Amino acid sequence: MASQDSQDSQGPPPAPRRSDRSHWNWLLVVPVVIPLLTFLFNKEEPRLGGFPAFYWIQLLVFIPLGVISTLVVYRMTKRKED
Amino acid sequence: MSSDHVTELVIFGLLFALVSGMGFVAARWRRPTTMDSLDEWGLGGRNFGSWVSWFLIGGDLYTAYTFVAVPALVFGAGAMGFYAVPYTIVVYPLVFLVLIRLWSVSHVHGFVTPADFVRARFGSPTLALVVAITGIVATMPYIALQLVGIEAVLKAMGVEGHLPIIIAFAILAAYTYQSGLRAPALIAFVKDVLIYLVIIVAVIYIPSKIAGGWGGIFDAAQAKFDKTPAPGDGIFLNDANQLNYAMLALGSALALFLYPHSITGVLASKNRNVIKRNMAALPAYSFVLGLIALLGFMAIAAGVKPIGTDTNTVVPVLFDQMFPSWFAGVAFAAVGIGALVPAAIMSIAAANLFTRNIYKEYIRKDATEKQEATVSKLVSLIVKVGAVACILLLDPQFSIDLQLIGGVIILQTLPAVALGLMTRWFHRGALIAGWAAGLAWGLWMLYEIPNPAKGKEHFGGSAYNLSELGFDTKMTIYVGVLALALNLLVAIIGTVILKAAKVKDGEDATRTDDYTADEGDPKVKDLELTGST
């Protein structure tokens, strides 16, 4: 995601040696938006092991979704020197 | 007191004594050459790796109060209380890119608090003071609520009176004074192992004792909510509270890492990768929190009656009824110790804010590192005495109200702290104006919300009726999100006006490269003091 920093008064700042910019960062939007769309999961059926859909979807689908998305972004944006 | 309670108390007491001992020994863990600086006392040497950070931040964010209040909410209102799950799913991807920038710039400049950053970024001691005071005010009731968590457990064991809590907090204060952030970091291991153990046992053992297992638990909860006259409860969301569910989750997620104690946990990490790995690994706690929330439904199915009118006691009473007494003792210890970790970190964070942004800024500008550490240690004691006094002298309900307010007001520091990390576009004057506007409107909305069920006319919750704003709807929305929207609007318009009028803005003491720096990169202090220390 873009970041803007202040301009030095002595003219344009030198390009940063490193940057956090990456297309992979957009993947982070998915687990932020999906769990807030209540109409997707606010229902009873199908039940799983007695759990209504509302509960098992949030516990068993959305949590792994958050973990995997964040993990992928971490792996793909890891700096070469690390 | 029955003999069962004696067994529980003995186990509880033993585990409590164990972690207290660990708290004092922690000063020697990763032994620093000196404890006389905030980097060591207040941030554990800024050197925690992935595992320690995972336990520390997890122990910090998922507090004892969460463990009793979330299932209590589910017990009382149903699905709405489950918002804690999406809240803690959304938060990590949301703050991922922001926190690594905060870590980097703090690493380079030696920032200890969010207000330190704001001061350097916007060149405004006033804005920093505003952020610091907001942080302290939001944190204080949070510490007090940890005592409510311990008190709920003690009540379930049949312990009356306030003396045990005073003793527990006195011990906590003593080892935090001595060991600083190392104490909660070490104790967090015990806390989390106990919590995981108790919850895994609970979700396997308790449903096996309830007719119909998990299905029976949800059906029993549905049956209970169907009988109540309240329209908002049930095991699913309804048209009126769906939006509030999502906005409460989002607003709480935005607020979480603005709390000074969360930032303390992040800044204690060794490098950026530790933070990134933790953003992926911390949702393990969210899973546990979701199961803990469901203890509220289990309590309904098991026919649990809270002690008196205190619904926070439903989980302790459930444990007391269902578990053999020795294991109930373990479970109570898990909650009790769960209160100590965040209480310690919160008091350290509040003390650091006072030291760095009030004491050093306004009282003693030339304070040495040693003096800073001394002041922070003393203030951490005062903060805990204040928290105990809050609970003993005032109605605990007052702390709960304050905590509700705390979430709304800490959100008002978002433009300066979180957006400030991403952009330097905002004018310092506009940020102060936005903060004031969001704060005022947020407080006013909270004041206006009644809670007929509790017989309260004001501060009855955080769900604001959109019809009050002229919309023809029954929907409600989280006050914090509305107040933040106004805050942002004022900050944006104010910045445009102040820039057009060419009003002097503060100097930015940070550079673009500072926000991507990592472990091993030069720090400002090293550059200035080349050759010394």
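Just so it is clear, the structure is predicted and the values come from calculations on it, not from any experiment.

Rules of the game
Residues numbered from 1 in each chain as written. Chains lettered and ligands numbered in written order. Predicted model: local features only at pLDDT ≥ 70, side-chain atom pairs only at ≥ 80, totals over all residues. Helix = DSSP H or I, 4+ residues; strand = E, 2+ residues; numbered from the N terminus. Buried ≥ 20, exposed ≤ 12 C-beta atoms within 10 Å, placed from the backbone. Contact = placed C-beta atoms within 7 Å. Nonpolar A, V, L, I, M, F, W, Y, C, P; charged D, E, K, R; others polar. Expected span 1.5 Å × (residues − 1). Core = buried A, V, L, I, M, F, W, Y, C linked by C-beta atoms within 7 Å. Axes fitted to C-alpha atoms, helices over the stretch in contact; angles between N-to-C directions. Parallel < 35°, antiparallel > 145°, perpendicular 65-115°, else oblique. Left-handed = near helix turned anticlockwise from the far one by under 90°. Arc of directions from axis to C-beta. pLDDT = per-residue confidence, 0-100.

A. Molecular detail of the overall build of chain A. Along the backbone of chain A there are 2 helices and 0 strands. Counting all 82 residues of chain A, 22% fall into the buried class.

B. Broad picture of the overall build of chain B. Scanning chain B from terminus to terminus reveals 22 helices and 2 strands. Residue burial in chain B is summarised as follows: out of 533 residues, 58% are buried. At a minimum sequence separation of 6, the contacts of chain B that also span at least 24 residues come to 82%.

C. Inspection of the interface of chain B and chain A at higher detail. Taken together, the 41 residues of chain B in the interface contact 38 residues of chain A. Of all the secondary-structure elements, those providing two or more residues to the side of chain B that touches chain A are helix H5 (84-109), helix H10 (213-227), helix H11 (242-256), helix H13 (272-281) and helix H14 (283-301) of chain B. Broken down by element, the side of chain B that touches chain A gets its largest block of residues, 10 residues, from H5 of chain B. Its residues assigned to classes, the side of chain B that touches chain A shows 27 nonpolar, 9 polar and 5 charged.

D. Representation of helix H18 (residues 396-411) of chain B in the model. Residues and elements named next belong to chain B. Helix length check: H18 (16 residues) gives 23 Å between terminal C-alpha atoms against 22 Å at 1.5 Å per residue, within 8%. Buried within H18 are the following residues: Ser 399, Leu 402, Gln 403, Ile 405, Gly 406, Gly 407, Val 408, Ile 409, Ile 410 and Leu 411. On its buried face, H18 sits against helix H7 (125-156), H11, helix H17 (369-393), helix H19 (414-422), helix H20 (428-448) and helix H21 (479-500).

E. Fine view of the nonpolar core. Residues and elements named next belong to chain B. Of all hydrophobic cores here, the largest spans 211 residues; its most connected members are Phe 332 and Ile 337. Considering each element in turn, this core owes the most residues, 20 residues, to helix H16 (residues 325-363). Those residues in contact with Phe 332, other than ones at most four positions away along the chain, are Glu 8, Phe 12, Val 153, Ala 156, Met 157, Pro 316 and Phe 319.

F. Layout of the environment of Arg 30 of chain B. All names here are of chain B. Among the secondary structure elements, Arg 30 is positioned in the loop between helix H1 (3-25) and helix H2 (38-41). C-beta crowding within 10 Å serves as the criterion here: with 15 such atoms nearby, Arg 30 is assigned to the partly exposed category. Considering only alpha carbons, one finds Arg 30 and Ala 280, 250 residues apart in sequence, at a separation of 26 Å. Those residues in contact with Arg 30 that lie beyond four places of it in its chain are Gly 45 and Asn 47.

G. Spatial organisation of the packing of helix H3 (residues 50-61) of chain B against H13 of chain B. Residues and elements named next belong to chain B. Axis separation between H3 and H13 bottoms out at 9 Å; the angle between their running directions is 50°. Viewed along their axes, H3 and H13 adopt a mutual orientation that is oblique. H13 is crossed by H3, and the crossing has right-handed handedness. Residue-level inspection shows Ser 50, Ser 53, Trp 54 and Ile 57 of H3 in contact with H13, the latter providing Val 274, Arg 277, Asn 278 and Ala 281. When the residues that make up the contact of H3 with H13 are grouped by side-chain class, the tally is 4 nonpolar, 3 polar and 1 charged.

H. Seen up close, the environment of Ile 348 of chain B. Looking at the secondary structure, you find Ile 348 of chain B in helix H16. Beyond its immediate stretch of four places on either side in the chain, Ile 348 of chain B contacts Gly 42, Thr 176, Gly 180, Leu 181, Thr 264 and Ser 380 of chain B.

I. Quick peek at the packing of H18 of chain B against H20 of chain B. All names here are of chain B. Packing of H18 against H20 leaves a shortest axis separation of 9 Å and a crossing angle of 150°. Considering their axes alone, H18 and H20 lie roughly antiparallel with respect to each other. Note that H18 runs across H20; the crossing there is right-handed. Touching Leu 404, Ile 405, Val 408 and Ile 409 of H18 are Leu 439, Gly 442, Leu 443 and Leu 446, all from H20. Counted by class, the contact of H18 with H20 contains 7 nonpolar, 1 polar and no charged residues.

J. Layout of the environment of His 109 of chain B. Turning to its location among the elements, His 109 of chain B is positioned in helix H5. Not counting chain neighbours up to four residues away, the residues in contact with His 109 of chain B comprise Ala 120, Thr 510, Asp 514 and Val 524 of chain B.

K. A look at H10 of chain B. Residues and elements named next belong to chain B. Look at H10: 22 Å from first C-alpha to last across 15 residues, which is about the 21 Å you get at 1.5 Å a residue. Within the span of H10, buried status applies to Trp 214, Ile 217, Phe 218, Ala 220 and Ala 221. Mapping the buried residues of H10 onto a view down its axis gives an arc of 160°, with all of them on the same face. Set apart from the buried face of H10 by more than 90 degrees, the exposed residues are Ala 223, Asp 226 and Lys 227. Buried positions along H10 lie against helix H9 (182-208) and H14.

L. Fine view of unusual backbone geometry. A cis amide bond links Glu 45 of chain A to the next residue, Pro 46 of chain A, at an omega of -5°. Of note, Arg 46 of chain B is a non-glycine position whose phi angle comes to about 50°, a positive value. Within the fold, Arg 46 of chain B resides in the loop between H2 and H3. Of note in the backbone geometry, Phe 459 of chain B takes a positive phi value of approximately 50° without being a glycine. As for its placement among the helices and strands, Phe 459 of chain B is situated in the loop between H20 and strand E1 (463-465).

M. Region of interest: the confidence of the model for chain B. All names here are of chain B. Summarising the model, chain B shows a mean pLDDT of 89, and 98% of its residues fall at 70 or more. Here residues 529-533 is a poorly scored stretch, pLDDT under 50, and it has 0 contacts once near neighbours within four places are set aside; other chains count. The ipTM, which scores confidence in the relative placement of chains, is 0.88 for this predicted complex, and the corresponding pTM is 0.90.

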